[in-house]
Amino acid sequence: MVWEAYIQSVKSRVGVLNDLEAEKCGSYFLFYGETSLGVGLRTFLYCLALAYCFVGLSTITARFFRSMENVVKHSRKIVEIDPYTNTEVIRYEKVWNYTIADISLLAFGTSFPQISLATIDAIRNIGSLYAGGLGPGTLVGSAAFDLFPIHAVCVVVPKAGELKKISDIGVWLVELFWSFWAYIWLYIILEIWTPNVITLWEALLTVLQYGLLLVHAYAQDKRWPYLSLPIERAERPEEWVPEEVTTCKHQQNINEDYSEIDQVWEDGRRNVVDIFSIHSTDSTDPLYQKVPDTDVAESSNNDTEKGPSVVSLWKQQFLDAITLESMESRKFKNIYIRLARIFWQLLLAPWRILFAFVTPYHIAHGWIAFICSLLFISGIAYVVTKITDLISCVTGINAYVIAFTALAAGTSWPDLVASKIAAERQTTADSAIANITCSNSVNIYVGIGVPWLIDTAYNYFVYRQPLRVENAAGLSFSLLVFFCTSAGCIVVLVFRRLTLGAELGGPRIWAWATCFYFMLLWLIFVVLSSLKVSDII
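From a predicted model like this one, the values you see are computed outputs, not experimental measurements.

A. Summary view of the overall build of the protein chain. Within the protein chain one finds 17 helices and nine strands. Within the protein chain, buried positions represent 53% of all 537 residues. For the protein chain, the accessible area works out to roughly 23,800 Å², and carbon and sulfur atoms hold 66% of it.

As structure tokens, then:
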């Protein structure tokens, strides 16, 4: 009965819209004359455009990962004097701490589509006394997608019987605490402290808590006294990726599933990189050069000199972008499979040509490509907001419902890819699960905090008025549902650790049972939140 009432309410809204469509949804977005089309056809075209934008996000994410991988693997030269021999000792140490890299680069980068969308939504509503609901809805829905479907995928990714556990429970508990506190804090400022209103100080405190998360996680990783939990770190290999899975052939096969862009010709073969494959003992391949930890000769700079020039790499990016059939496609004898792969590459061609303008990730340790990738993601996020407005307008479906379902799932694709690769490649479950919990924290502290800070600061200095939250009741209800279902998710992870000895993998029957359980929790969140926003419950 509840579901029938929801369907009836949507139909009634669509019926009213048919009479007022010219007035409310008169603008066109895809092509001239599109407003003369029927509601159903316009909705179908907008959904196709939205899906194609998500394909673009997936494509640029592949390039973003490679630039981030080059940033993380950067090392610096340390010259020390041996006190016993009085001779110089040269060693190399990594610039980035892995815990901080997970929370900042990985979590922030994979959450950037949602953050961009929320920020653009805030800028569009600047000067209004009400905050837009598109950004917060997407971020809360993204948190649910991260916690449930992505955990579900990561649990079944390891091979049958293979167990992968969190090696540093202390860091995970710190990240988990700040993730849960983020949603408790959001509920407090929405319903308890200043109901339905966000002040400038509340927005500022929300953003500052991201800095506290970074400091606390780093303190736990370094085991600072008084600031860290007295939990020993389990033994973790220095090489997070086992040697037997770092061959170029394996890297290529795995990466082929996500994207075929940004491949470099080297010695007559294609080499691809992902963010987690930053160590290798294959000294013949500069892209997999092992980062030195002890006294070794300089290798990073030499690798750049021996490798192809920047111009040739950039040229190769464009050649790869316009190449429809790769060497891997030609290996398939089934003509239908080859045609399907060519069709998919043809579909990706516009995105690949556009993203080929991103500088090669070898320049400046990947920072320029990293920033350029974020700019492209922001551009796609802007188009997504425009399409979402049209879908909501044409169909009559509340934009908040679209935000925490379709937009949340589409913009969370980078999180899914990152965690899946981590669950496959790494010998532990640290980064796969840390990416989920940290992304949820980033969604609130940065994704909601920064847009609210922009709007509240403008309202405070211009109107001397606080910022009112649109659909605060629906957002608060979604937070309560998410908090309850997330508790059920964490309980199962702890139970798996106590019984199986690991959070990911294990016997296939238990892995798939856990997967279905997590997906059920996500469906509960989506259905209850949709019904609340639609005033059904």
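B. Up close: helix 14 (residues 413–425). Given a rise of 1.5 Å per residue, 13 residues ought to cover 18 Å, and the 18 Å separating the end C-alpha atoms of helix 14 matches this to within 8%. Extensive coverage of helix 14 is indicated by the burial of 10 of its 13 residues. When we look at burial in helix 14, the residues that qualify are Pro-414, Asp-415, Leu-416, Val-417, Ala-418, Ser-419, Ile-421, Ala-422, Ala-423 and Arg-425.

C. Representation of the packing of aromatic side chains within the structure. The full count for this structure, using the stated rule, is 21 aromatic pairs. Geometrically, the ring pair formed by Phe-318 and Phe-357 is edge-to-face, given 5.0 Å between the ring centres and 85° between the ring planes. Separated by 39 residues along the polypeptide, Phe-318 in helix 10 (residues 310–322) and Phe-357 in the loop between helix 11 (335–355) and helix 12 (367–395) bring together distant segments of the chain. Owing to a relative accessible area of 27%, Phe-318 belongs among the partly exposed residues under this scheme. Residue Phe-357 is classed as exposed on the basis of its relative accessible area, which comes to 51%. Among the aromatic residues, ring-to-ring pairing joins Phe-148, Tyr-183, Tyr-400, Phe-404, Phe-482 and Phe-525 into one connected group.

D. Representation of unusual backbone geometry within the structure. Positive phi outside glycine occurs at Asn-86, with the angle close to 55°. Summarising the element assignment, Asn-86 is placed in the loop between strand 1 (75–81) and strand 2 (88–94). The phi dihedral of Asn-196 falls on the positive side, at around 65°, and the residue is not glycine.

E. Just the pattern of salt bridges, in detail. A full pass over the atoms with the stated rule returns six salt bridges. Residue Lys-420 is joined to Glu-424 by a salt bridge in which the shortest nitrogen-to-oxygen separation is 2.7 Å. Placement of the pair is Lys-420 and Glu-424 together in helix 14, with a separation of four residues, close to one helical turn. Overall, the relative accessible area of 27% leaves Glu-424 in the partly exposed class. A single salt-bridge network, built from bridges that share partners, covers Asp-121, Arg-124 and Asp-389.

F. The pairing of strand 2, seen in detail. Bridge count for strand 1 against strand 2 is seven bridges, and the pairing is antiparallel. Across the sheet, residue Lys-77 finds its bridge partner in strand 2, namely Tyr-92.

G. Structural context of helix 12. Given a rise of 1.5 Å per residue, 29 residues ought to cover 42 Å, and the 42 Å separating the end C-alpha atoms of helix 12 matches this to within 8%. Note on helix 12: the residue one or two positions beyond its end, Gly-396, has a positive phi of about 85°.

H. Main features of a nonpolar patch on the surface. A surface patch of nonpolar side chains, amounting to about 760 Å² of accessible area, comprises Ile-126, Leu-129, Tyr-130, Tyr-458, Tyr-460, Phe-461, Val-462 and Tyr-463. Tracing the backbone through its elements, the reader meets Tyr-463 in the loop between helix 15 (430–462) and strand 8 (467–469). Tyr-463 gets classed as partly exposed once you look at its relative accessible area, which sits at 38%.

I. The side chain of Gln-317, seen in detail. With respect to the helices and strands, Gln-317 occurs in helix 10. Assessed through its relative accessible area of 4%, Gln-317 is described here as buried. Reaching out from Gln-317, the side chain makes a polar contact with the backbone oxygen of Ala-356 at a distance of 2.9 Å.

J. Spatial organisation of the packing of helix 5 (residues 134–156) against helix 15. Where helix 5 meets helix 15, the axes come as close as 10 Å, and the angle between the chain directions of the two elements is 180°. Compared by their axis directions, helix 5 and helix 15 come out roughly antiparallel. Residues Pro-136, Leu-139, Ser-142, Ala-143, Asp-146, Leu-147, Ile-150, His-151 and Cys-154 of helix 5 form the contact with helix 15, whose participating residues are Ala-432, Ile-433, Ile-436, Ser-439, Asn-440, Asn-443, Gly-447, Ile-448 and Trp-452. The residue inventory of the contact of helix 5 with helix 15, partitioned by class, reads 11 nonpolar, six polar and one charged.

K. Region of interest: the confidence of the model for the protein chain. When the pLDDT values of the protein chain are averaged, the result is 75; 78% of them are 70 or greater. Per-residue pLDDT stays below 50 along residues 13–23; that stretch engages in 15 contacts with residues further than four places along the chain or on separate chains. Scored below 50 in pLDDT, residues 237–306 shows 157 contacts in the model against residues more than four places distant or in partner chains.

L. Up close: the sheet that holds strand 8. Ordered by their spatial adjacency, three strands build an open sheet running 3-8-5, and the pairing between neighbours is mixed. Only two strands of the sheet have a single partner each, and these edge strands are strand 3 (130–131) and strand 5 (197–198). The sheet contact formed by strand 5 and strand 8 spans two bridges and is antiparallel. Bridge pairing links Val-197 to Arg-468 in strand 8.

M. The packing of helix 2 (residues 39–72) against helix 14, seen in detail. Between helix 2 and helix 14, the shortest axis-to-axis distance is 10 Å and the interhelical angle comes to 45°. Between helix 2 and helix 14, the angle is such that the two are oblique. Judged by the twist between their axes, the crossing of helix 2 over helix 14 is right-handed. Each of Ser-58, Thr-61 and Phe-65 in helix 2 lies in contact with helix 14, whose residues at this interface are Trp-413, Pro-414, Val-417 and Ala-418. Taken together, the residues of the contact of helix 2 with helix 14 break down into five nonpolar, two polar and no charged.

The rules behind these values
- Residues numbered from 1 in each chain as written.
- Predicted model: local features only at pLDDT ≥ 70, side-chain atom pairs only at ≥ 80, totals over all residues.
- Heavy atoms only, no water.
- Helix = DSSP H or I, 4+ residues; strand = E, 2+ residues; numbered from the N terminus.
- Buried < 20%, exposed > 50% of the residue type's maximum accessible area, 1.4 Å probe, protein only.
- Areas by Shrake-Rupley, 256 points an atom, 1.4 Å probe, with all protein chains shown as cover.
- Expected span 1.5 Å × (residues − 1).
- Phe/Tyr/Trp six-rings, centres within 6.5 Å; stacked < 30°, edge-to-face > 60°.
- Salt bridge = Lys/Arg side-chain N within 4 Å of Asp/Glu carboxyl O.
- Pairing = 2+ DSSP bridges.
- Patch = residues over 30% accessible without salt bridge, like charges linked within 9 Å, V, L, I, M, F, W, Y side chains within 5 Å.
- Polar contact = N/O pair within 3.5 Å; in protein donor to acceptor, adjacent residues only side chain to side chain.
- Axes fitted to C-alpha atoms, helices over the stretch in contact; angles between N-to-C directions.
- Parallel < 35°, antiparallel > 145°, perpendicular 65-115°, else oblique.
- Contact = heavy atoms within 4.5 Å.
- Nonpolar A, V, L, I, M, F, W, Y, C, P; charged D, E, K, R; others polar.
- pLDDT = per-residue confidence, 0-100.
- Left-handed = near helix turned anticlockwise from the far one by under 90°.

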